[in-house]
Amino acid sequence: MDGDGKPKGAEYSVPPVERALKLLRHIGDGNTCRNLSATSEALGINRTTLIRLIHTLTTNRMIEEIANGAGYRLGVGLITLGSQAMHGRDLVQVCQPVLAELCAETGMSAHMGILDGPDIVYLSRETPNTHLVSNVRAGSRLAAHASSIGRAILAELSEDQIAALFADAPLPANTSKTPVTVSEVLEQARADKAMGVAWSEGNFEAGIGSCAAAIFDHQRVPVGALNVSGPQSAFSTEAAEGSNQIKKAVRDAALRASQALGYMPRA
């Protein structure tokens, strides 16, 4: 039992529900189930049971028939449920507890922001109970190419999108590490993409380090990013073990936020 007295664990799973969910995911992945025997074998579901599941899901509009006997696709009923689920999962609402956990785990300030043109806008933050806290507030606007949150989002965009974003935008240099041409921004984005995080050792502000990762929605679109920031010494190459822990914590936090928005990692 969990803390609320509710059951949890695999022993409480309901097999018919598991089979229905397996079928829905199968159809959602683009399988039309036109050949019921092949679908039965692929899912490990008895053919008679499969027919009953399809009938029940069709009746409840969770799936619908494709014209000319071409199989099935996800239905309006499921789309409606999904929309209702997404409606209440505001980005700030979803990310705030994740930021709190990340802040507690790392002992550093944690932030979340979104891309707005060539800038990023901070929407929320969590700070540790120490004197070394970030002075970035919700509503703060920073250059995307220079900040770790902006870099994490840019790393998930196409090069054409990045080039268009900065075609007419100034590229101010916060430090000597800040890219000042579009080609340098693209090079930085490729490096950040390869690393899986945007890593800063005083790139934005001398003496301050940062690590950021992108947040994705249910369509796998980068809708924002979160980061932690703290003393540059914690992000230095000499602090390799600590650096790896920071990267893992940030990646894991970004994944939790993304999954709460409906994102599902590719198998």
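The model shown is predicted, which means the values in this text are computed figures rather than measured ones.

Focus: the sheet that holds strand E4 (residues 119–126)
- With respect to topology, 6 strands assemble into an open sheet ordered E5-E4-E3-E8-E7-E6, the strand pairing being antiparallel. The open sheet has two free edges, formed respectively by strand E5 (141–143) and strand E6 (198–201), since each of these has just one partner strand. If you compare each strand with its neighbour and ignore which way they point, the axes differ by 30° on average.
- Where strand E7 (residues 208–216) and strand E8 (residues 222–231) come together, 9 bridges link them in antiparallel fashion. Its bridge partner being in E8, Ser 210 is matched across the sheet by Ser 229.
- Sheet strands in contact with helix H5 (residues 91–106) are strand E3 (109–116), E4, E7 and E8, and its direction is about 65° off that of E4.

Digging into helix H2 (residues 36–43)
- Residues Leu 36, Thr 39, Ser 40 and Leu 43 constitute the buried set of H2. Taken end-on, H2 shows its buried residues confined to a sector of 100°, consistent with a single buried face. Seen from the buried face of H2, the exposed residues on the opposite side, beyond 90 degrees, are Glu 41 and Ala 42.
- Contact partners of the buried residues in H2: helix H1 (15–28) and helix H3 (47–59).
- The N-terminus of H2 is capped by Asn 35, whose side-chain oxygen sits 3.1 Å from the backbone nitrogen of Ser 37.

Section: the pattern of salt bridges
- Using the criterion set out here, one finds 8 salt bridges in the structure.
- Between Glu 101 and Arg 256 there is a salt bridge; the shortest N-O distance is 3.2 Å. With Glu 101 in helix H5 and Arg 256 in helix H9 (residues 240–260), the pair connects residues that are 155 residues apart, well separated along the chain.
- Note that Arg 190 and Glu 159 form a salt bridge whose closest N and O atoms lie 2.5 Å from each other. Taken together, the residues span a long stretch of sequence, with Arg 190 in helix H8 (residues 182–195) and Glu 159 in helix H7 (residues 159–165) at a distance of 31 residues.
- We classify Arg 190 as partly exposed; its relative accessible area is 45%.

Here's the deal with the packing of aromatic side chains
- Counted according to the given criterion, the structure contains 2 aromatic pairs.
- Taken together, a centroid distance of 5.1 Å and an interplanar angle of 55° make the contact between Trp 199 and Phe 235 tilted. Of this pair, Trp 199 sits in strand E6 while Phe 235 is found in the loop between E8 and H9, placing the two residues 36 residues apart along the sequence.
- Residue Phe 235 is classed as buried on the basis of its relative accessible area of 0%.
- An angle of 25° between the planes, with centres 5.4 Å apart, marks the rings of Phe 216 and Tyr 263 as stacked.

A look at unusual backbone geometry
- For Arg 61, which is not a glycine, the phi torsion comes out positive at approximately 65°.
- With respect to the secondary-structure elements, Arg 61 resides in the loop between H3 and strand E1 (63–66).
- The residue Arg 220 is not glycine, and still its phi comes out positive at about 65°.
- Along the chain, Arg 220 turns up in the loop between E7 and E8.

Criteria and thresholds
All residue numbers refer to positions counted from 1 along the written sequence of the respective chain. In keeping with the model being predicted, local features are shown solely for residues with a pLDDT of at least 70 and side-chain atom pairs are shown and tallied solely at 80 or more, while totals for entire chains, interfaces and linings include all residues. No hydrogens and no water enter the side-chain calculation; it runs on all heavy atoms of the structure. A pair of strands is labelled paired if DSSP reports no fewer than 2 bridges between them. Each helix is a run of H or I in the DSSP string that is no shorter than four residues. Each strand is a run of E no shorter than two, and both are numbered from the N terminus. Axes here mean lines fitted to C-alpha atoms, for a helix over just the part in contact, with angles spanning 0 to 180 degrees between N-to-C directions. Only heavy atoms matter for contacts: two residues are in contact if any of them lie within 4.5 Å across the pair. Relative accessibility under 20% of the residue-type maximum defines a buried residue, over 50% an exposed one, and the middle range a partly exposed one, all with a 1.4 Å probe and only protein chains included. Our arc is simply the arc of the directions from the helix axis toward the C-beta atoms. Polar contacts, as counted here, are pairs of nitrogen or oxygen atoms within 3.5 Å of one another; within protein the pair requires one atom able to donate a hydrogen and one able to accept it, and residues that are adjacent in sequence qualify only if both atoms are side-chain atoms. Each salt bridge in this description consists of a side-chain nitrogen of Lys or Arg and a carboxyl oxygen of Asp or Glu lying within 4 Å of one another. Under the pairing criterion, centres of Phe, Tyr and Trp rings, with the six-membered ring standing for Trp, must be within 6.5 Å; the plane angle then separates stacked pairs below 30 degrees from edge-to-face pairs above 60, leaving the rest tilted.

Purely spatial values, then, with no claim about function.
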